[in-house]
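Below, each chain spelled out in residue letters.
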Amino acid sequence: MQKLRGALIGCGFFAVNQMHAWNDVEGAVIVAICDRDPERLAAVGDQFGIARRYADAAQMFADGGFDFVDIATTVQSHRALVELAAAHKVPAICQKPFARTLSDAKAMVAACRTASIPLMVHENFRWQPPIQAVRKALDAGAIGEPFWGRFSFRSGFDVFSGQPYLAEGERFIIEDLGIHTLDIARYILGDVKSLTARTLRVNPKIKGEDVATILLDHEAGATSIVDVSYATKLGTEPFPETLVELDGTEGTIRLSQGYRLEINNAAGTTVTDVSPKLLSWASRPWHNIQESVFAIQQHWSERLRDGGETSTSGADNLKTFALVEAAYESAASGSPVEIGALL
Ligand code: NAD
Ligand code: 89V
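These notes cover the structure that comes with them. (Residues numbered from 1 in each chain as written. Chains lettered and ligands numbered in written order. Predicted model: local features only at pLDDT ≥ 70, side-chain atom pairs only at ≥ 80, totals over all residues. Heavy atoms only, no water.)

## Considerations on the site of ligand 1
Near ligand 1 you find 26 residues, and of these Phe-14, Asp-35, Lys-96, Asn-124 and Tyr-165 are the closest. At 2.7 Å from a nitrogen atom of ligand 1 is found a side-chain nitrogen or oxygen belonging to Asn-124. The side chain of Tyr-165 places a nitrogen or oxygen atom 2.7 Å from an oxygen atom of ligand 1. For ligand 1, the protein covers 90% of the area, taking 860 Å² as the surface of the free molecule. Of the residues that constitute the shell around ligand 1, the class distribution is nine nonpolar, 11 polar and six charged. A domain-level breakdown of the shell around ligand 1 finds at least three residues from each of domain 1 (4–117) and domain 2 (126–283 + 320–338). (Near = heavy atom within 4 Å. Polar contact = N/O pair within 3.5 Å; in protein donor to acceptor, adjacent residues only side chain to side chain. Areas by Shrake-Rupley, 256 points an atom, 1.4 Å probe, with all protein chains shown as cover. Nonpolar A, V, L, I, M, F, W, Y, C, P; charged D, E, K, R; others polar. Domains from an automatic or database assignment.)

## What about the packing of helix α1 (residues 15–24) against helix α8 (residues 287–306)?
The N-to-C vectors of α1 and α8 enclose an angle of 55 degrees; their axes lie 9 Å apart at closest approach. For the element pair α1 / α8, the angle class is oblique. Every pair of crossing elements has a handedness; the one defined by α1 and α8 is right-handed. Of α8, the residues touching α1 (which contributes Asn-17, Gln-18, Ala-21, Trp-22 and Asp-24) are Gln-290, Val-293, Phe-294, Gln-297, Gln-298 and Trp-300. A breakdown of the residues in the contact of α1 with α8 according to their chemical character gives five nonpolar, five polar and one charged. (Axes fitted to C-alpha atoms, helices over the stretch in contact; angles between N-to-C directions. Helix = DSSP H or I, 4+ residues; strand = E, 2+ residues; numbered from the N terminus. Parallel < 35°, antiparallel > 145°, perpendicular 65-115°, else oblique. Left-handed = near helix turned anticlockwise from the far one by under 90°. Contact = heavy atoms within 4.5 Å.)

## Regarding the site of ligand 2
All residues in the neighbourhood of ligand 2 are listed as Lys-96, Phe-125, Val-159, Gln-163, Asp-176, His-180, Tyr-230, Trp-286 and Ile-289. In this structure, Gln-163 approaches ligand 2 through a side-chain N or O atom, which is 2.9 Å from an oxygen atom. Separating an oxygen atom of ligand 2 from a side-chain N or O atom of Asp-176 is a distance of 2.8 Å. When the free accessible area of ligand 2 is taken as 270 Å², the share hidden by the protein chains comes to 94%. A per-class count over the shell around ligand 2 returns five nonpolar, two polar and two charged.

## Quick notes on the sheet that holds strand β5 (residues 92–95)
Ordered in space as β3-β2-β1-β4-β5-β6, the six strands form an open sheet in which the pairing is parallel. If you trace the sheet from one side to the other, it starts and ends with β3 (52–54) and β6 (119–122), each paired once. Neighbouring strand axes in the sheet, compared pairwise and without regard to direction, differ in orientation by 25 degrees on average. Strands in contact with α8 are β1 (4–9), β2 (28–34), β4 (68–71), β5 and β6; relative to β6, the strand with the most contacts, it is inclined by about 175 degrees. (Pairing = 2+ DSSP bridges.)

## Concerning the environment of Asn-124
When you line up the elements, Asn-124 lands in the loop between β6 and α6 (129–139). Given a relative accessible area of 2%, Asn-124 falls into the buried group. Those residues in contact with Asn-124 that lie beyond four places of it in its chain are Phe-14, His-180, Ile-289, Ser-292, Val-293 and Ile-296. (Buried < 20%, exposed > 50% of the residue type's maximum accessible area, 1.4 Å probe, protein only.)

## Thoughts on the nonpolar core
Membership of the largest hydrophobic core comes to 93 residues, with the highest contact counts inside it found for Ile-9, Phe-98, Phe-151, Ile-188, Leu-195, Leu-246 and Ile-253. Ranked by residue count, the leading element in this core is helix α7 (residues 173–189), at 10 residues. The residues that make up this core include at least three from each of domain 1 (4–117) and domain 2 (126–283 + 320–338). In this structure, Leu-246 is in contact with Val-134, Leu-138, Ile-143, Trp-148, Gly-149, Phe-151, Ile-188, Leu-189, Gly-251, Thr-252, Ile-253 and Arg-254, ignoring residues within four places of it in sequence. (Core = buried A, V, L, I, M, F, W, Y, C linked by side-chain atoms within 4.5 Å.)

## Digging into helix α9 (residues 314–333)
The terminal C-alpha atoms of α9 lie 28 Å apart, and with 20 residues this matches the ideal 28 Å at 1.5 Å per residue to within 8%. Looking at the residues trailing α9, positive phi occurs at Gly-334, about 85 degrees. (Expected span 1.5 Å × (residues − 1).)

## Observations concerning the pattern of salt bridges
Applying the stated criterion to the full structure yields 21 salt bridges. With its nearest N and O atoms 3.0 Å apart, the salt bridge here joins Arg-126 to Asp-316. Residue Arg-126 is located in the loop between β6 and α6, and its partner Asp-316 is located in helix α9; the two are separated by 190 residues in the primary sequence. Residue classification places Asp-316 among the buried residues on the basis of a relative accessible area of 15%. The salt bridge involving Asp-227 is made with Arg-150; its shortest N-O contact spans 3.0 Å. Taken together, the residues Asp-227 in strand β10 (residues 223–229) and Arg-150 in strand β7 (residues 146–154) connect sequence positions 77 residues apart. (Salt bridge = Lys/Arg side-chain N within 4 Å of Asp/Glu carboxyl O.)

See below:
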């Protein structure tokens, strides 16, 4: 099998995980990298033995010789780079947050549709093994029809040391982390009709909100809560675990701290350890995220080969992105926001 050749743009903090994962993905290999910062370009190029290095993405696309692009830059450059990929008809993966605004995100999806190229958002949290285990139990009918859920990420972990830009934006936790949690809520309980949100900033050293509580009305009838915080100081730090509670007509699911999955139904109670693997290049506590990076990139490689739609396609991600926009709108106005009106 000939390997798909990829090019990666943005050799920063998180791209190192993506590069490690590409080494493990079957059927794909990175042949070129790009970063406008020469030190970062050299560091990643040397670490992963990539000879083709570019400071300018336009030049890299002009030279070509790759089957897809993996955009791992921060959000400011996403629209321009996705549109560049579309102009060159190169299938694209784009990191989250997909875009600065929902209208940019819609334009990016339209550009790729017009160019007939696949577009996947690197929305990896739904690919975490514990979240996959919850979905599998639900699909197997373990608790019947779910009618209530809670998706919770509460932490005091210092994310600012690795990603200093997170302290600087007017928006913080919903845009950066809540976006994943909202995506998990959609993945587990389906699309959302309306939401109501409240936000707070507890840490005085950052600009954006670091606490958010969001009430979701799902189209299928369930109600859920997405609650996220980076101002929560616990005895045992849970970063980066998303805890899940689901109540269904026939039982309950609880994914609790320490990757403990408990399912209760008429057959009794089963408890399973759904801890992620520690991949050879991974390190705790990031290993849960790192395994999901490998999983989403393997998924991309398989779908690009068989022509199928990816789980977190650009079109799918518009529905998650709309929840982010709606959460900020609801927090500002104090009122519920209808999602259909945004899409
Ligand atoms: P970073 O600032 O460390 O790295 C971004 C890199 O992109 C920098 O080296 C910068 O020079 C380069 N860059 C920016 N614009 C460019 C352009 N137009 N052309 C070439 N190079 C360009 O950022 P990061 O922390 O690695 O985050 C990158 C993205 O990954 C963000 O969108 C962030 O939200 C996301 N992220 C995702 C996860 C996840 O689990 N999915 C985790 C962390 C970060
Ligand atoms: O996944 C992310 O986007 C990261 C982090 C987990 C630190 O919030 O920014």
